[in-house]
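# Geometric and topological summary
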Amino acid sequence: MAKKSDGKQLAQNKKASHDYFIEDTFEAGMVLMGSEIKSLRMGRANIGDSFATIRNGEIFIHNLHISPFEQGNRSNPDDPTRTRKLLMHKVQIHKLLGLSKQDGYAIVPLKIYVRNGYAKLLLGLGKGKKQYDKRESAAKKDAQRDIQRALREKQKVAR
């Protein structure tokens, strides 16, 4: 039996790369209730304010907003921002715990996607950026955009 591998991205945390230097990424499965997966597949999730914590050797995500499914029944959860458990190997959780205990590091959710029919969450180990780091990143992005624009103009003239 062939496995389906769609890899469709459902939600992305665009602020994460602005606020953190992402040093390492980890993939985690998500424990969902009822029709939350249907709502996720419709793209009705927001991970902008969410964060992950590790308690008792288990990893949880907080403030992940998954809107209730309209055609859902009573198995719809009451709280769309409830704490959800994430599924990772114990070795990965211990590694992530050790790295996140360092000063200035946080476990940041980066994106939600579907792989092989299962909802996955990409977690990043991020070190917080200072204000001058954010300005420096914006300046680099602007410079790169200007270079690309100049190259496109040069190619148009050459034709």
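Provided above is the structure to which this section pertains.
An account of the accompanying structure is given in this report. These figures come from a predicted structure and were not determined experimentally.

Here the focus is the overall build of the protein chain. In terms of regular secondary structure, the protein chain is built from four helices and nine strands. Here the C-alpha atoms of the protein chain give a radius of gyration of 19 Å, more than 25% beyond the 15 Å that 2.2 N^0.38 yields for 159 residues. Counting only C-alpha atoms and orienting by the principal axes, one finds that the protein chain spans roughly 60 × 40 × 35 Å. Counting all 159 residues of the protein chain, 35% fall into the buried class. Across the protein chain, the fraction of contacts at a sequence separation of at least 24, relative to all contacts at a separation of at least 6, is 70%. Per element, the accessible surface of the protein chain, about 10,600 Å² overall, is 50% carbon and sulfur.

Further remarks concern unusual backbone geometry. Non-glycine residue Asn 63 carries a positive phi angle of around 60 degrees. Looking at the secondary structure, you find Asn 63 in the loop between strand 5 (58-62) and strand 6 (65-66). In this structure Asn 63 comes out as partly exposed when scored by relative accessible area, which is 37%. One non-glycine residue, Asn 116, adopts positive backbone phi at about 55 degrees.

Once that is clear, we can look at the pattern of salt bridges. For the structure shown, the criterion picks out seven salt bridges. Between Lys 85 and Glu 58 there is a salt bridge; the shortest N-O distance is 3.0 Å. Separated by 27 residues along the polypeptide, Lys 85 in strand 7 (residues 84-87) and Glu 58 in strand 5 bring together distant segments of the chain. A residue is classified by how much of its surface remains accessible, and Glu 58, at 31% relative accessible area, is partly exposed.

Moving on, we come to helix 3 (residues 90-100). Those residues of helix 3 not exposed but buried are Ile 93, Leu 96 and Ser 100. Along the long axis of helix 3, the arc covered by the buried residues comes to 65 degrees, so they all point the same way. Away from its buried face by more than 90 degrees, helix 3 exposes Lys 90 and Val 91. Looking at the buried positions of helix 3, the neighbouring elements they touch are strand 2 (20-30), strand 4 (51-55), strand 5, strand 8 (105-115) and strand 9 (118-128).

With that out of the way, let us pick up the side chain of Glu 36. With respect to the helices, strands and loops of the structure, Glu 36 is situated in helix 2 (residues 36-41). By relative accessible area, Glu 36 is classed as buried at 3%. Within the structure, Glu 36 has its side chain in polar contact with the backbone nitrogen of Met 33 (distance 2.7 Å). One polar contact links Glu 36 to Arg 82, side chain to side chain, over a distance of 2.9 Å.

So, how was this worked out
Residues numbered from 1 in each chain as written. Predicted model: local features only at pLDDT ≥ 70, side-chain atom pairs only at ≥ 80, totals over all residues. Heavy atoms only, no water. Helix = DSSP H or I, 4+ residues; strand = E, 2+ residues; numbered from the N terminus. Rg over C-alpha atoms; globule rule 2.2 N^0.38 Å. Buried < 20%, exposed > 50% of the residue type's maximum accessible area, 1.4 Å probe, protein only. Contact = heavy atoms within 4.5 Å. Areas by Shrake-Rupley, 256 points an atom, 1.4 Å probe, with all protein chains shown as cover. Salt bridge = Lys/Arg side-chain N within 4 Å of Asp/Glu carboxyl O. Arc of directions from axis to C-beta. Polar contact = N/O pair within 3.5 Å; in protein donor to acceptor, adjacent residues only side chain to side chain.

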